[in-house]
Amino acid sequence: MKSTRNKTSVALLGIALLLLNCNSSKKEMVAMASDNNKMMSDDQYLDTIQYQTINYFWEGAEPNSGLARERLHMDDVYNSSPKNTVTTGGSGFGFMAILVGVKRGYIIREAALKRYVQMIDVLEHADRFHGDWPLWLNGETGTIVPFSAKDTGGDLVVTAFLIQG
């Protein structure tokens, strides 16, 4: 059981470190562990993963809307969708991550409230179809970014993820 848990923790940490950009002092936890060739405890792994997940939604958000980008390319090259494309379902996870960030002391409450207002304002004025948001939105304009030629409407599943957030 413990071996599986450690392997899972290592895999999750590896994925988080590959996908997320950490621009804060919390990445010192990772540097300290690798510099000293020490294994992190399970709690340190989980703290690092949680912090970097929160940071993805905080630092990696589309600047105008504050919503979660569909993709965050560290090389700033966006071949498959425009850089300002946001994901509505993923933004639901962003709402939850910011709340956890406040609870954990990673994000100041006032800054989180300001971000929430920014996000909600964009969503309030964004394209909707019978109340449902589309899968992707342009974070600067709130207009639909079609996923495909026939994807020109709302998406009930991602709207549910967004509302649950």
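Coordinates for the structure precede this section.
Attention in this report is confined to the structure presented alongside it. (Residues numbered from 1 in each chain as written. Predicted model: local features only at pLDDT ≥ 70, side-chain atom pairs only at ≥ 80, totals over all residues. Heavy atoms only, no water.)

**Looking at the overall build of the protein**
Moving on, step 1. Helix and strand content of the protein: six helices and two strands.
Moving on, step 2. Secondary structure of the protein in N-to-C order comes out as α-α-α-β-α-α-β-α.
Moving on, step 3. Put simply, the protein has 165 residues, and 40% of those count as buried.
Moving on, step 4. Of the contacts made within the protein by residues no fewer than 6 positions apart, 56% connect residues no fewer than 24 positions apart. (Helix = DSSP H or I, 4+ residues; strand = E, 2+ residues; numbered from the N terminus. Buried < 20%, exposed > 50% of the residue type's maximum accessible area, 1.4 Å probe, protein only. Contact = heavy atoms within 4.5 Å.)

**Brief notes about the packing of aromatic side chains**
Moving on, step 1. For the structure shown, the criterion picks out five aromatic pairs.
Moving on, step 2. A ring pair is formed by Tyr-56 and Phe-57, whose centres lie 5.3 Å apart and whose planes are at 85°; its orientation type is edge-to-face.
Moving on, step 3. The class of Tyr-56 is buried, set by a relative accessible area of 16%.
Moving on, step 4. Look at Trp-136 and Phe-147: their rings are 5.3 Å apart centre to centre, the planes differ by 75°, and that puts the pair in the edge-to-face class. A residue pair is termed long-range when its members are at least 10 positions apart, and Trp-136 in strand S2 (residues 136–138) and Phe-147 in the loop between S2 and helix H6 (156–164) qualify at eleven residues.
Moving on, step 5. By relative accessible area, which is 53% here, Phe-147 ends up exposed. (Phe/Tyr/Trp six-rings, centres within 6.5 Å; stacked < 30°, edge-to-face > 60°.)

**Concerning the packing of helix H3 (residues 42–59) against helix H4 (residues 88–104)**
Moving on, step 1. Where H3 meets H4, the closest approach of the two axes is 8 Å, and the angle between their N-to-C directions is 125°. Judged on the interaxial angle alone, H4 and H3 are oblique. The handedness of the crossing between H3 and H4 is left-handed. In this structure, H3 contributes Asp-47, Gln-50, Ile-54, Phe-57 and Trp-58 to the contact, and H4 contributes Gly-90, Phe-93, Gly-94, Ala-97, Ile-98, Val-100, Gly-101 and Arg-104.
Moving on, step 2. Here the contact of H3 with H4 is built from residues that sort into seven nonpolar, four polar and two charged. (Axes fitted to C-alpha atoms, helices over the stretch in contact; angles between N-to-C directions. Parallel < 35°, antiparallel > 145°, perpendicular 65-115°, else oblique. Left-handed = near helix turned anticlockwise from the far one by under 90°. Nonpolar A, V, L, I, M, F, W, Y, C, P; charged D, E, K, R; others polar.)

**A short note on a nonpolar patch on the surface**
Moving on, step 1. Together, Phe-93, Met-96, Val-157 and Phe-161 give the surface a local cluster of nonpolar side chains, amounting to about 360 Å² of exposed area.
Moving on, step 2. For the nonpolar patch, the secondary-structure elements that each account for two or more residues are H4 and H6.
Moving on, step 3. Tracing the chain through its elements places Phe-161 in helix H6. (Patch = residues over 30% accessible without salt bridge, like charges linked within 9 Å, V, L, I, M, F, W, Y side chains within 5 Å. Areas by Shrake-Rupley, 256 points an atom, 1.4 Å probe, with all protein chains shown as cover. Salt bridge = Lys/Arg side-chain N within 4 Å of Asp/Glu carboxyl O.)

**Comments concerning unusual backbone geometry**
Moving on, step 1. In this model, His-130 sits at a positive phi of 55°, which is unusual for a non-glycine residue.
Moving on, step 2. As for its placement among the helices and strands, His-130 is situated in the loop between helix H5 (109–125) and S2.
Moving on, step 3. Of the residues examined, His-130 reaches a relative accessible area of 87% and is grouped as exposed.

**Topic: the packing of H4 against H5**
Moving on, step 1. Two numbers describe how H4 lies on H5: the axes approach to 10 Å, and their chain directions differ by 165°. In terms of axis orientation, H4 runs roughly antiparallel to H5. The way H4 lies across H5 gives a crossing that is left-handed. In contact with Ser-91, Phe-95, Ile-98, Leu-99 and Val-102 of H4, H5 contributes Arg-109, Ala-112, Arg-115, Tyr-116, Met-119, Ile-120 and Leu-123.

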